[in-house]
Amino acid sequence: MELPGATYLFTLAALSVTFVGFSALVIIIRQAFGGAISRLEILITRIFIQLGFMVTAGAMLPPLLSLFELPHALIWRASSVAAAIPSFVFAVTYPARRHAASGVATPLAIWIDILILLAAVAVLMLNATGVGIVPGPGPFAAALTVILFLSGFAYLQALRTLLSHHLSRLDKK
């Protein structure tokens, strides 16, 4: 019996891998403007690659576990915990990593992104524990989708910031 939601998760994994490749364009765009790549630009590129691969791994885990013919509830619980832990660690460590790379306080927009990521983590943990949610593919896929869409939105925010910063520097020359 096929795992419910597997087709959606395979599609999500494919989209996420595509996003990882696309997010590397930050470095390419920066190099097109010339000059050295800053620590913040390297961090920004790395975080989008990390987030993309977290979604990809999360999306691939339930179909992998189903190959072992485990009960579906166990698959969704285990996959939810496995996706929640790195997402939580990422969210709580990002402000310090960003500060170390940029030397400035984390902007409000990024704090909002972190809160949305933590909300997705909460959904994953509820799915894992079964508190208020019947463990299943819906909450799991929804949380991973939120993480991917949040990553895409944050990528556009970062790209806008980096481009405006570099364009303003070019205008001053």
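Check the entry above for the structure.
Residues numbered from 1 in each chain as written. Predicted model: local features only at pLDDT ≥ 70, side-chain atom pairs only at ≥ 80, totals over all residues. Heavy atoms only, no water.

Q: In this structure, what is going on with helix α5 (residues 108-129)? I would like to understand it.
A: Here α5 contains 22 residues, and its C-alpha end-to-end distance of 31 Å stays within 8% of the 32 Å for a straight helix at 1.5 Å per residue. Along α5, the residues classified as buried are I110, D113, I114, L117, A120, V121, L124, N127 and A128. Down the axis, α5 shows its buried residues gathered within 130° of arc, on one side only. In this structure, α5 carries L108 and L115 as exposed residues pointing more than 90 degrees from its buried face. Of the residues one or two after α5, G130 is the one with positive phi, at around 80°. (Helix = DSSP H or I, 4+ residues; strand = E, 2+ residues; numbered from the N terminus. Expected span 1.5 Å × (residues − 1). Buried < 20%, exposed > 50% of the residue type's maximum accessible area, 1.4 Å probe, protein only. Arc of directions from axis to C-beta.)

Q: How should the side chain of N127 be read in this particular structure?
A: By secondary structure assignment, the location of N127 is in helix α5. Overall, the relative accessible area of 0% leaves N127 in the buried class. From its side chain, N127 meets the backbone nitrogen of G136 in a polar contact 3.0 Å long. Residue contacts for N127: discarding those within four places in its chain leaves W76, R77, S80, I133, V134, P135, G136, P139 and F140. (Polar contact = N/O pair within 3.5 Å; in protein donor to acceptor, adjacent residues only side chain to side chain. Contact = heavy atoms within 4.5 Å.)

Q: Looking at this structure, how should I read the packing of helix α1 (residues 6-23) against helix α3 (residues 39-66)?
A: Each pair of packed helices can be described by the angle between their axes along with the distance between the axes. In the contact formed by α1 and α3, the axes pass within 8 Å of each other and the chain directions differ by 165°. In terms of their interaxial angle, α1 and α3 are classed as roughly antiparallel. Remark: the crossing between α1 and α3 carries left-handed chirality. Seen from α1, the contacting residues are L9, F10, L12, A13, S16, V17, F19, V20 and S23; seen from α3, they are T45, F48, I49, G52, F53, V55, T56, A59, M60, P62 and P63. Among the residues making up the contact of α1 with α3, the classes are represented as 15 nonpolar, five polar and no charged. (Axes fitted to C-alpha atoms, helices over the stretch in contact; angles between N-to-C directions. Parallel < 35°, antiparallel > 145°, perpendicular 65-115°, else oblique. Left-handed = near helix turned anticlockwise from the far one by under 90°. Nonpolar A, V, L, I, M, F, W, Y, C, P; charged D, E, K, R; others polar.)

Q: In this structure, what is going on with the packing of aromatic side chains? I would like to understand it.
A: Any two aromatic rings considered together are summarised by their centre-to-centre distance and by the angle between their planes. Within this structure, the stated rule accounts for six aromatic pairs. Here the aromatic rings of F19 and Y155 are separated by 6.0 Å at their centres, their planes lie at 80°, and the arrangement is edge-to-face. In this pair, F19 is assigned in helix α1 and Y155 in helix α6 (residues 137-172), connecting sequence segments 136 residues apart. An identical accessibility class is assigned to F19 and Y155; each is buried. Arranged with centres 5.5 Å apart and planes meeting at 50°, the rings of W76 and F140 form a pair that is tilted. Note that W76 is positioned in helix α4 (residues 72-102) and F140 in helix α6, a separation of 64 residues in sequence. Accessibility assignment for this pair places W76 and F140 in one class, buried. By way of ring pairs, the aromatic residues F19, F22, F48 and Y155 are connected into one cluster. (Phe/Tyr/Trp six-rings, centres within 6.5 Å; stacked < 30°, edge-to-face > 60°.)

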